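# Observations on the model geometry
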Amino acid sequence: MKVMKTTIIKFMAGLMLATAAASCSDDWLTLTDPNQETSDTFWQTEEQFQQGLYAGYATLRRPGVFSRWFHILMVLRGDEGYSTSPNMEFQAVANFKMSSYTYESNESVNLPWKEVSQMIYYVNQVVDNVNDHGYSVMSKETADGILGQAYFLRGLGFWYMAGTYGKYPRQVSSISDGEIIGQEALWKQALADFDAASKILPEKWPASEAGRPTCGGALGMMARCNMQIAGICKRPWENRSGEARQWWEAAKKNMDEIFKLGIYDLVNNWLDNFTESNENNVESLVEINFKNGLVDGKEVGMQRPKFLGLYLSSGEGAWDDGSARGWMLQEFDKERDKDGNPDMRKRYTLTWIDPTDNTNYYGKTLAEWGSAIGGDNGPKECYWRKYTSVDTDNLPEDYSSGTNFRLLRLADVYLMYAEVINELDGNRADAVEYMNKVRRRVNMPELKATQFNDYESIKEQLRHDRLVELCGECTRWNDLDRWGDIHTQEGVNKIAERDPDFLTYKVGQTHLYAIPEHEISLFPGLTQHPGY
């Protein structure tokens, strides 16, 4: 597995095509530097196609994609997080207060668009060239594997853009931009790419290649897309809730196919999903590989733990640019486990001042850190612990965590499946069983089907179960979107009771993120969202 972590992290310099050198006459226009690759000499061997694919993989670890800003955007915009950072970029993400200065100078607006666009461009080159002549220079199995990975990565790009900006060019070619499409069309484009990938990707890769996308991962992302489209159909202004059923049914079919593969299971130790000790495990469907340290002089680790975690004035911890909302402590406390103890997931998701907590945080207990916690402002109600080094190597946080990010895992799929059954008015006893699969692992009491036999009771329990299982894993924003909570003023007012940032949320506007100003001038037909 470590082989794959190193291999796909390398950005292959050979992909960067250079222009020909100039001469003193007009003949330079037709001259080619024999020492440089061109589009005519590249894409001729399997190695070159793999290099092109690695360029797409490399973008996944950039700050604008899954190293930093995806976590900030998904956690802070939802009701799990907020920001008191001195860097106003983070506060603007959390409190929905975008002003003119936050466009060109704000990384949160610009970097995700820029770096996801680069990924889509890189993999479009792979798609174009495999479809043009790749099957003539590689075996069908090899060409299918490369093309399937490229479709998956492109789908991931459109999925990211759909959930963030909600407007983007349909770039499915490396030589043209395509028309500007909205959020629903972006979900559907991502769905089409994941579908294409699912048909030609293998169920498994050799252990040395763990981390590459698989058929099961593509099916899981298809289910996510189908569920978000169903949610769009139910938005109040859409007036087409009847159309949602076909998308719920499609999502259920995707997950049925995952279960039929028979290769996924929950890991025994819940914590194994957030440390380096058991990566690319049997629970993981989609995983972004990171590696601590430098590769070719570049950081290739996950930056999240440096921005979301315990702040210590002495510098060992995180910057705490994105903080955890205190209401979640109470949410975890709503249920005790079978032995009468607190839900174990609480301790490994959040950190709070607790006299009984003897955990070693970067070399000391919380009591020993004392006034260093929170600095001059004192400790906050709680901080993020999930994905930090506290449960890995306990070294001071830096910008290069080697912990992989599990983008989709089976526990999430089980809870998604329960939600879909409920939306389809199916056998709610089955929905309860899939929720119990997740609960059993962490010794939580089993739900009784007789007590959850209607739509609202299942939905309310799912709200709790998804929060305590997946808290901080970048799923909450899409949950709130799909459930419709952020699409009515009544729903937003209810969220604002636990997250005051939503007092400035504008229904029908701020569910979409600001588009970088400079991009608008580059794409005919691309306009800014209302309210920005």
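Since we're looking at a predicted model, the values are computed, not measured. (Residues numbered from 1 in each chain as written. Predicted model: local features only at pLDDT ≥ 70, side-chain atom pairs only at ≥ 80, totals over all residues. Heavy atoms only, no water.)

### Structural notes on helix α2 (residues 46-59)
- With 14 residues, α2 should cover 20 Å at 1.5 Å per step; its first-to-last C-alpha distance of 21 Å lies within 8% of that length.
- Buried residues of α2: Q48, F49, Q50, Q51, G52, L53, Y54, A55, G56, Y57, A58 and T59, and no others. (Helix = DSSP H or I, 4+ residues; strand = E, 2+ residues; numbered from the N terminus. Expected span 1.5 Å × (residues − 1). Buried < 20%, exposed > 50% of the residue type's maximum accessible area, 1.4 Å probe, protein only.)

### A closer look at the pattern of salt bridges
- Scanning the model with the defined rule gives 45 salt bridges in all.
- Salt-bridge contacts for E283 lead to R441; the nearest nitrogen and oxygen are separated by 2.4 Å. Of the two residues, E283 is situated in the loop between α10 (244-261) and β4 (284-288) and R441 in helix α16 (residues 428-441); the sequence distance between them amounts to 158 residues. Residue E283 shares its accessibility class with R441, and that shared class is buried.
- Of the charged contacts in the structure, one is a salt bridge between E469 and R409, with a shortest N-O distance of 2.8 Å. (Salt bridge = Lys/Arg side-chain N within 4 Å of Asp/Glu carboxyl O.)

### What about the pairing of strand β10 (residues 405-409)?
- With respect to burial, β10 is a largely interior element, five of its five residues being buried.
- Looking at chain direction, β4 and β10 are connected through four bridges and run antiparallel. Across the sheet, I288 pairs through a bridge with F405, a residue of β10. (Pairing = 2+ DSSP bridges.)

### Some remarks on the packing of helix α6 (residues 107-137) against helix α7 (residues 140-164)
- At a minimum axis distance of 9 Å, the contact between α6 and α7 shows a crossing angle of 155°. Viewed along their axes, α6 and α7 adopt a mutual orientation that is roughly antiparallel. Two packed elements cross with a definite hand, and for α6 against α7 that hand is left-handed.
- Here the residues of the contact of α6 with α7 are counted per class, giving 20 nonpolar, five polar and three charged. (Axes fitted to C-alpha atoms, helices over the stretch in contact; angles between N-to-C directions. Parallel < 35°, antiparallel > 145°, perpendicular 65-115°, else oblique. Left-handed = near helix turned anticlockwise from the far one by under 90°. Nonpolar A, V, L, I, M, F, W, Y, C, P; charged D, E, K, R; others polar.)

### Some points on the packing of aromatic side chains
- On inspection of all chains with the given rule, the structure shows 29 aromatic pairs.
- Each ring, one from F42 and one from W43, has its centre 5.0 Å from the other, and the planes form 85°; the classification is edge-to-face.
- What makes F42 buried here is its relative accessible area of 1%.
- Aromatic ring contacts, followed pair by pair, group F66, F70, W159, Y160, W270, F274, Y387 and F405 into a single cluster. (Phe/Tyr/Trp six-rings, centres within 6.5 Å; stacked < 30°, edge-to-face > 60°.)

### Thoughts on the nonpolar core
- Core analysis: the largest hydrophobic core is formed by 141 residues, its most contacted members being F66, L156, W159 and F405.
- The element contributing the most residues to this core is α7, with 13 residues.
- When near neighbours in sequence (up to four residues on either side) are disregarded, L156 contacts L60, F66, M119, F194, M221, I288 and L407. (Core = buried A, V, L, I, M, F, W, Y, C linked by side-chain atoms within 4.5 Å. Contact = heavy atoms within 4.5 Å.)

### Observations regarding the confidence of the model for the protein
- With 92% of its residues at a pLDDT of at least 70, the protein reaches an overall mean of 92.
- Below a pLDDT of 50 lies the segment residues 6-32, which in the model reaches 48 contacts outside its immediate sequence neighbourhood of four places, other chains included. (pLDDT = per-residue confidence, 0-100.)

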